[in-house]
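If you want the building blocks of each chain, they are given just below.
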Protein chains: 4
Amino acid sequence: MDPADEEVGARYSLRQRLYLHLEPTAWPRTGLSPANLVIAVLIVFAALLAILETEETLRADAPRFFQYAEFLILLLFSTEYMARLYAAGEDPRYRGVLGRLRYMRTWWAIVDLLAILPSLVTMGGQNTFLLRLLKLLRLLRLSRLGRFSRAWSAIAQAVQLRSFELLLSFGAAGMLLILSSACLYLVEGGEQPEAFGSIPRALWWSVATLTTVGYGDVTPVTALGRILAGITALAGIGLIALPTGVLASAFSDALRRQAAHDRSGQREE
Amino acid sequence: MDPADEEVGARYSLRQRLYLHLEPTAWPRTGLSPANLVIAVLIVFAALLAILETEETLRADAPRFFQYAEFLILLLFSTEYMARLYAAGEDPRYRGVLGRLRYMRTWWAIVDLLAILPSLVTMGGQNTFLLRLLKLLRLLRLSRLGRFSRAWSAIAQAVQLRSFELLLSFGAAGMLLILSSACLYLVEGGEQPEAFGSIPRALWWSVATLTTVGYGDVTPVTALGRILAGITALAGIGLIALPTGVLASAFSDALRRQAAHDRSGQREE
Amino acid sequence: MDPADEEVGARYSLRQRLYLHLEPTAWPRTGLSPANLVIAVLIVFAALLAILETEETLRADAPRFFQYAEFLILLLFSTEYMARLYAAGEDPRYRGVLGRLRYMRTWWAIVDLLAILPSLVTMGGQNTFLLRLLKLLRLLRLSRLGRFSRAWSAIAQAVQLRSFELLLSFGAAGMLLILSSACLYLVEGGEQPEAFGSIPRALWWSVATLTTVGYGDVTPVTALGRILAGITALAGIGLIALPTGVLASAFSDALRRQAAHDRSGQREE
Amino acid sequence: MDPADEEVGARYSLRQRLYLHLEPTAWPRTGLSPANLVIAVLIVFAALLAILETEETLRADAPRFFQYAEFLILLLFSTEYMARLYAAGEDPRYRGVLGRLRYMRTWWAIVDLLAILPSLVTMGGQNTFLLRLLKLLRLLRLSRLGRFSRAWSAIAQAVQLRSFELLLSFGAAGMLLILSSACLYLVEGGEQPEAFGSIPRALWWSVATLTTVGYGDVTPVTALGRILAGITALAGIGLIALPTGVLASAFSDALRRQAAHDRSGQREE
């Protein structure tokens, strides 16, 4: 439609066009190429299928559906893999048969293959526990597409810059967890040996309370235990405040820096 | 009382006055007109009635009260609808009979009609399940009145500006949900097939833990399961920190921009 | 110790000294006067006593202790009241017998009297339910002392400035509560009529979920109900983010303004 | 490797080298010395051991492991203590036998000794409840090492600067706790005397609700009780917002100031 689109269609060979549409870094405009958008939707659908497949009642209700869907995914992912392998020739590093073998040993090509193999084995009649979990790894493929990968690395960088603050927060959290567990173990250990009979046992209650999750499957019953639990719950607010503040500001810093970087990058183009 | 008030009262015809008082955008001063304030209170009251009506014990206690209140609401909303239809003639687009028909097909006029119809049907003796829910839609009418509609659109705009950050946060949340569900499914699936026997089942526990709601209706019982659950609960703090930070700053940005816009608008007047 | 202290001791009459020490606004230095500090501790102790007194097992364990403590509080609070009444004469408005009667009708004098009366009645052998709650009102007296009253009014002012944002947040929260209640009522009402049989009943679950309290006494059991509950729990994060951000910034604004005001006040002195 | 390293190795006597490596403030470069890093790992391992030791099933499974590990810790901590005692002679204050006795009476030397003694007693066959808790005190030793001690004092300073705000937040939280407990005691006390029969009993529910922990072991059952509980839960959001905001900003202020201080310190060097 716009001149850029015209360009993509008109002047390039099939392999060049495949490369432009499949390789996320090669796409000349912002956002995902239509081909990669379709693939992203397909990955989400395949992951959803792998999640639902673990539920036996659903498998029993529609055994055919899962089989057919799996076959379709196998077909589409295989086709995509072949197309990527063919298009990789546009990159000087992966030219020729030896180059293609080198391409197949790259990180992303292995991830792509790992997304296909479980389906292939499933087709052979097998559908074990482990296989289904392997299928979940397909979601990893999403992280390659588009801006996400760059955003993730920006976040990782920002977290690294504040690693000392986060370490300190987690250190304080750990100390608080151990302290409250030791207190409850002392006070409630005699009354409820099953739940508070040792510090590791009391830690289960401690984590649930300090993170304000509060399952309520174990709770102190003595008066002193409840007073200590109340103090722990109030201290939990502070425990949450520290890493929340650090993480939230690290996150917003990362995105601001990323945006500034993107803008300066576009200006250079 | 103030000159503006005098103006409204003195120089205009009945239809003009109705239009000024009923049409939120036509009211010359800040805030709601007295008529729309009364209508807002009425809408809240009608919605409250629709909520309480779903409780059978209350209906049994005071059957007459609900009938009479419903009738009153029908009467007042119908009167309001007629008044709005009559006043719509002030707008050149809705002049004449055809104009009024055109007005009746606008979004807000349909919402107003939808607020009346269920009461009308109720009067005819019917009071089904669905009807009561339709009555709740009356609350939608609130969103038209006064500054709220502008504030909402400002918020929508701000959220849209940060949609990438929010998408990223929700993506990370989704990944964390699936990851923790898969872990607990692996570890606790054998022990508690009812609660952790598949990833979709484990998701119920996962959502409750990562959002720190923590119902406690399902909890891991094995040592490894509890260690993973503790890590999930701690990760939940980070999960909450990211969208909280983004949403809070988007919200405050929107309101600041809205306030700046209001001020510049007043200056222009 | 410091010259200001010397001043207080040396040049004034007993009534003047009482007035300086008892009237919080008359104290020439920052912080509370020693007398008011003692009274503050006494108020906290009296409130603690009123709280513990409601527990029957404690009353049975140490009936004498509560009687004696109550008598002591009565004695001290009465003495304080008399001293305040006497010292009030320093204020031209409350001079003479008529002035003292006028003082006794002021807000704070009535609060002081209300803190004494329940103890007086208790001494007469009565100790009813209502009486114990009246004793809790003693805590109100704390709010008069020192900087707190000014800080509270600063906070109240700041909250008022952001009342529109808070109203909007609470409006959104209310809409979300009603929406999720209506959904769960539709989906789970048939399965669990006791817990979700009407919108008011479902609201109990809704509040617990959206505030991330999550008691777990009622939880959805159907698949669709759990999906909707999961969405509600995730939406709850946003619900908390908005008022938290607004309140936190209103609070810090208020304290900054208060601090600036205090500094400018000190400079003027 | 770098010149500083060469220096440490080449020019100093054994005692000087021990002092440089063991005394955290003497280490010429940023971070921990390798020796102190090993000791830090050892402290964490010893604390972990003390935590796991409280669990009887683990002690029964591997009685030898705990004995041997304890012996190893005793050996290593004793060696370290001796080395520190010997190296202390580098400090003019602790020179000679009398100086060493003076060193042994310093705060950190006592903490170091307290970390050894329980192991020594354990070796003698005893392994009581109290002894295991004493072993947890070993974690205190961590706080001496490296930047942490300075970071902690910076945080303590920042919290002190905002102590009035925090006091105010906690005061408001306390008032809210007492108010909601009193309300629930009034409304639910008759229905559930075990859980709400007195204000101290109702406080247990109150803390769990206001901190959004929500165990769910006690919940109101009457309609009015649930309405009040819902209001309490919503108020809990505000209760969390205030100290969270204050603590988060105090924390980030402290770290910024600390970083600025570190930079200016490095420039002076």
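Under Subcellular location (unreviewed entry), UniProt gives the following word-for-word description of chain A: "Membrane".

Regarding its fold elements, chain A presents 13 helices and zero strands. Helices (α) and strands (β) of chain A occur, in sequence order from the N terminus, as α-α-α-α-α-α-α-α-α-α-α-α-α. Scored against the burial criterion, the 269 residues of chain A give a buried share of 44%. For chain A, the share of sequence-separated contacts (at least 6 apart) that also reach a separation of at least 24 residues comes to 61%.

The next thing to look at is the interface of chain A and chain D. Taken together, the 36 residues of chain A in the interface contact 31 residues of chain D. Between chain A and chain D, roughly 3,100 Å² of surface is buried when both sides are summed, and carbon and sulfur atoms account for 78% of that area. When the buried area of chain A at its contact with chain D is split by residue, A:F164, A:L168 and A:I237 rank highest and sum to 20% of it. Counting every contact that joins chain A to chain D gives two salt bridges. Linking chain A to chain D there are six residue pairs in polar contact (both at pLDDT 80 or more). Contributing elements (two or more residues each) for the side of chain A that touches chain D: α10 (163-188), α12 (199-210) and α13 (223-268) of chain A. Among the residues forming the side of chain A that touches chain D, the class breakdown is 22 nonpolar, 11 polar and three charged.

Once that is clear, we can look at the nonpolar core. A general feature of soluble globular proteins is that nonpolar side chains tend to end up buried together. Among the nonpolar cores identified, the biggest contains 103 residues, and B:L136, C:L136 and D:L136 are the most heavily contacted of them. Setting aside residues no more than four positions away along its own chain, D:L136 makes contact with A:I178, A:A182, A:I199, D:A47, D:A50 and D:I51.

Here the focus is the UniProt feature "transmembrane region" (unreviewed entry) in chain A. Residues and elements named next belong to chain A. The positions that UniProt labels "transmembrane region" (unreviewed entry) are, in the present scheme, residues 35-53, 65-87, 107-134, 166-187 and 227-251. Secondary structure across residues 35-53 divides into 100% helix and 0% strand, with the first and last C-alpha atoms of the span separated by 27 Å. Across residues 65-87, the secondary structure splits into 100% helix and 0% strand, with the terminal C-alpha atoms separated by 33 Å.

All names here are of chain A. Orientation of helix α3 (residues 34-53) relative to helix α8 (residues 129-136), taken along the N-to-C sense of each, is 155°, at an axis distance of 8 Å. Overall, the two elements α3 and α8 adopt an arrangement that is roughly antiparallel. The chirality of how α3 crosses α8 is left-handed. Where α3 approaches α8, its residues A47, A50, I51 and E53 are matched on the opposing element by R132, K135 and L136. Residues that form the contact of α3 with α8 fall into these classes: four nonpolar, no polar and three charged.

Further remarks concern the relation of the copies chain A and chain D. Overlaying chain A with chain D gives an RMSD of 0.1 Å, the required rotation being 90° about an axis along which the chain moves by 0.0 Å. On this basis, the relationship between the two copies can be described by a four-fold rotation axis. Comparing interface residues between copies, only 11% of those in chain A also lie at the interface in chain D; the contact surfaces differ.

Mapped onto the fold, B:T209 is located in helix α13 (residues 199-210). Leave out the neighbours within four places in its chain, and B:T209 touches A:V213, A:Y215, B:A229, B:T232 and B:A233.

Below, the discussion takes up the confidence of the model for chain A. All names here are of chain A. Summary statistics for chain A give a mean pLDDT of 81 and a share of 83% for residues scoring 70 or more. Within chain A, no element has a lower average pLDDT than helix α1 (residues 3-10), which sits at 49, and none a higher one than α12, at 94. Per-residue pLDDT stays below 50 along residues 1-9; that stretch engages in 10 contacts with residues further than four places along the chain or on separate chains.

For the rest of this paragraph, the subject is the pattern of salt bridges. Residues and elements named next belong to chain A. Inspection of the entire model under this criterion finds 36 salt bridges over all chains. When the shortest N-O distance is used, the salt bridge between R84 and E80 registers 2.8 Å. Placement of the pair is R84 and E80 together in helix α5 (residues 63-87), with a separation of four residues, close to one helical turn. Side by side, R84 and E80 carry an identical accessibility label, which is buried.

With that settled, consider unusual backbone geometry. With a phi angle near 60°, B:T212 is a residue other than glycine that sits in the positive phi range. Along the polypeptide, B:T212 turns up in the loop between α13 and α14 (223-268).

Residues and elements named next belong to chain D. Per the stated rule, a full pass over the model turns up 20 aromatic pairs over all chains. Ring centres of W204 and Y215 lie 5.5 Å apart, and the angle between their planes is 20°; this geometry places the pair in the stacked category. Pair noted here: W204 is in helix α13 (residues 199-210) and Y215 is in the loop between α13 and α14 (223-268), with a separation of 11 residues, a long-range link. In this pair, the class of W204 matches that of Y215, namely buried.

Attention now moves to the environment of A:E191. Residues and elements named next belong to chain A. In this fold, E191 is placed in the loop between α10 and α11 (193-196). As a C-alpha pair, E191 and P220 span 29 residues in sequence and 8.9 Å in three-dimensional space. Excluding its chain neighbours within four sequence positions, the residues that come into contact with E191 are V221 and T222.

The rules behind the values
Residues numbered from 1 in each chain as written. Chains lettered and ligands numbered in written order. Predicted model: local features only at pLDDT ≥ 70, side-chain atom pairs only at ≥ 80, totals over all residues. Heavy atoms only, no water. UniProt positions renumbered as here; feature names shortened; annotations may be inferred. Helix = DSSP H or I, 4+ residues; strand = E, 2+ residues; numbered from the N terminus. Buried < 20%, exposed > 50% of the residue type's maximum accessible area, 1.4 Å probe, protein only. Contact = heavy atoms within 4.5 Å. Buried area = accessible area lost by both parts, 1.4 Å probe. Salt bridge = Lys/Arg side-chain N within 4 Å of Asp/Glu carboxyl O. Polar contact = N/O pair within 3.5 Å; in protein donor to acceptor, adjacent residues only side chain to side chain. Nonpolar A, V, L, I, M, F, W, Y, C, P; charged D, E, K, R; others polar. Core = buried A, V, L, I, M, F, W, Y, C linked by side-chain atoms within 4.5 Å. Axes fitted to C-alpha atoms, helices over the stretch in contact; angles between N-to-C directions. Parallel < 35°, antiparallel > 145°, perpendicular 65-115°, else oblique. Left-handed = near helix turned anticlockwise from the far one by under 90°. Least-squares fit on C-alpha atoms with pLDDT ≥ 70 in both. pLDDT = per-residue confidence, 0-100. Phe/Tyr/Trp six-rings, centres within 6.5 Å; stacked < 30°, edge-to-face > 60°.

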